[in-house]
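# Fold and contact review
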Amino acid sequence: MDYKRFEGESDKDLINRICSEKDNIGSWQDVANVLNELLGTCFTESKYRKNFKLYTEGFQDSQQLLLDEHADKISKQLYEIKKERIKIQTLNLERNKKDRIESRQELYYEQIGSLVNTLPLPEFVLWDSDEENNEEEIYVLALSDLHAGATFVSMYNEYSLEIMKERFEFLLYKMEQFIKQHKVKKIYVVGLGDFIQGCIHLNDLRINDTSVVKATIQVSRIVAQFLNNLSKFTIVNYHHVITSNHSQMRYLGTKASELMDEDMEYIIGHYIKDLLANNNRIEVIVSEEHCDYIILPILGWNIICMHGHQIKNLDNVLSNLSDKLDTNVDYLLLGHFHNMKILSGMEKCTYDTEVLIAPSFVGSDPYSDTIFKGSKAAAVVYGFHEYEGHNETYKFILN
């Protein structure tokens, strides 16, 4: 064959091209003859053979290096894509989990609603007062630890659903006197949780005289009837905490607060709100979902209300809660502990910060008798002044 140099082709490119045609030319000596003629040289075939071998190995190595770099780049890109996909999947899992929890609560609420719709609504009887309002003092009635469904007899106390109804009737009588005496045009009422006995301990099976669902319906209606009757004498602003311990649903051996969103207080608060929907003298406010506290908007004070089962150290709770909420907590109103207490916090300009622990509506039980920590069944009204803060306390003993 007649081999020629291409236009602009270098000696190196010419040698590599001719050597690559070795199988068509013949032997390496034939290749050397062609190259020596084209280049005007007289090298032996070994020079061209060795140079071409080095060129071939180098070309293969460079190609492999490019392939490795490309593969590494693709691998990194695939890894980044995988990470982004995992992030999206994680967000979707959390979103789906939240949706399932909310849907399950709504479904359970609807199922209970199909039963409670058979109950008659309270008769809304309104009562107006022309007496002058005491605007310098705001009063808060705390209801805590009703433990509806529990039935027992202790040393100084006896309890059942019927007795709970009687106590609310007596409390209504005391509140009517209190409202007229203090000329109260608006009262705040706070439900601090544990409205049902629930079933979080094996012992609850022995003291419950009804199912958890029935107790939930009955206590909701009893409290709604009390608030409705209370509205005969004053405007009622009712707040309900949706998180406590006895009202938790502990499925399949789950631990305390492990399923915090599975709480019957959510249903109780919303059912009370439904029962009182036609009464324009009552405003029912249920704490936000996934939130274990409520804030009372009274005279500018930061009053935080919660059940109290989350708190392990009462001595530092005001400062810890202030740090957590990034605000100065003036008063913390709790239930859970059953015994009424007032714990001083920090002295301020015109008032003291305090932890206010409400008494229990249920009172002492056989267990509290054994540990000598029983207390009378009671409800309490706290008075708040616009400058002095908490400066009045009225305890109504119910048994």
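Heads up: the structure comes first, above all this text.
The sections below set out a description of the structure shown in this document.

Scoring rules and cut-offs
- Residues numbered from 1 in each chain as written.
- Predicted model: local features only at pLDDT ≥ 70, side-chain atom pairs only at ≥ 80, totals over all residues.
- Heavy atoms only, no water.
- Helix = DSSP H or I, 4+ residues; strand = E, 2+ residues; numbered from the N terminus.
- Buried < 20%, exposed > 50% of the residue type's maximum accessible area, 1.4 Å probe, protein only.
- Contact = heavy atoms within 4.5 Å.
- Areas by Shrake-Rupley, 256 points an atom, 1.4 Å probe, with all protein chains shown as cover.
- Expected span 1.5 Å × (residues − 1).
- Axes fitted to C-alpha atoms, helices over the stretch in contact; angles between N-to-C directions.
- Parallel < 35°, antiparallel > 145°, perpendicular 65-115°, else oblique.
- Left-handed = near helix turned anticlockwise from the far one by under 90°.
- Nonpolar A, V, L, I, M, F, W, Y, C, P; charged D, E, K, R; others polar.
- Polar contact = N/O pair within 3.5 Å; in protein donor to acceptor, adjacent residues only side chain to side chain.
- Pairing = 2+ DSSP bridges.

### Details of the overall build of the chain
In terms of regular secondary structure, the chain is built from 10 helices and 13 strands. Within the span of the chain, comprising 399 residues, buried residues form 44% of the whole. Sequence-distant contacts in the chain: of pairs separated by 6 or more residues, those separated by 24 or more amount to 68%. Accessible surface for the chain amounts to roughly 22,200 Å². Of this, 52% is attributable to carbon and sulfur atoms.

### Re helix 8 (residues 264-275)
Every α-helical turn comprises 3.6 residues, leaving residues that sit three or four positions apart pointing alike. Between its terminal C-alpha atoms helix 8 stretches 17 Å, which fits the 16 Å expected from 12 residues at 1.5 Å a residue. Judged by how many residues are buried, helix 8 sits mostly within the fold: 9 of 12 residues are covered. The set of residues buried in helix 8 consists of Met-264, Glu-265, Tyr-266, Ile-267, Ile-268, Gly-269, Tyr-271, Ile-272 and Leu-275.

### Some thoughts on the packing of helix 1 (residues 11-20) against helix 3 (residues 28-39)
Look at helix 1 against helix 3: their axes get within 10 Å of each other, and the N-to-C directions meet at 150 degrees. Classified by the angle their axes make, helix 1 and helix 3 are roughly antiparallel. Between helix 1 and helix 3 the crossing geometry is right-handed. Facing helix 1, whose interface residues are Asp-11, Leu-14, Ile-15, Ile-18 and Cys-19, helix 3 presents Trp-28, Val-31, Val-34, Leu-35, Leu-38 and Leu-39. Partitioned by chemical class, the residues of the contact of helix 1 with helix 3 number 10 nonpolar, no polar and 1 charged.

### What to know about the side chain of His-309
With respect to the helices, strands and loops of the structure, His-309 is situated in the loop between strand 8 (301-306) and helix 9 (317-325). Overall, the relative accessible area of 11% leaves His-309 in the buried class. A polar atom in the side chain of His-309 sits 3.4 Å from the side chain of Gln-310.

### What about the sheet that holds strand 8?
Pairing is mixed across the open sheet formed by 5 strands, whose spatial order is 7-8-9-11-10. The open sheet has two free edges, formed respectively by strand 7 (294-298) and strand 10 (341-347), since each of these has just one partner strand. Strand-to-strand twist across the sheet, computed as the mean angle between neighbouring axes with direction ignored, equals 20 degrees. Helix-sheet contacts for helix 9 involve strand 8, strand 9 (331-334), strand 10 and strand 11 (352-357), and the interaxial angle to strand 11 is about 100 degrees.

### Description of unusual backbone geometry
Its identity is not glycine, yet Lys-183 carries a phi of approximately 55 degrees, on the positive side. As for its position among the elements, Lys-183 is in the loop between helix 5 (161-182) and strand 4 (186-191). Relative accessible area serves as the criterion here: at 42%, Lys-183 is assigned to the partly exposed category. Although it is not a glycine, Asp-326 adopts a positive phi angle of roughly 55 degrees. Tracing the backbone through its elements, the reader meets Asp-326 in the loop between helix 9 and strand 9. Judged by relative accessible area, which is 71%, Asp-326 ranks as exposed.

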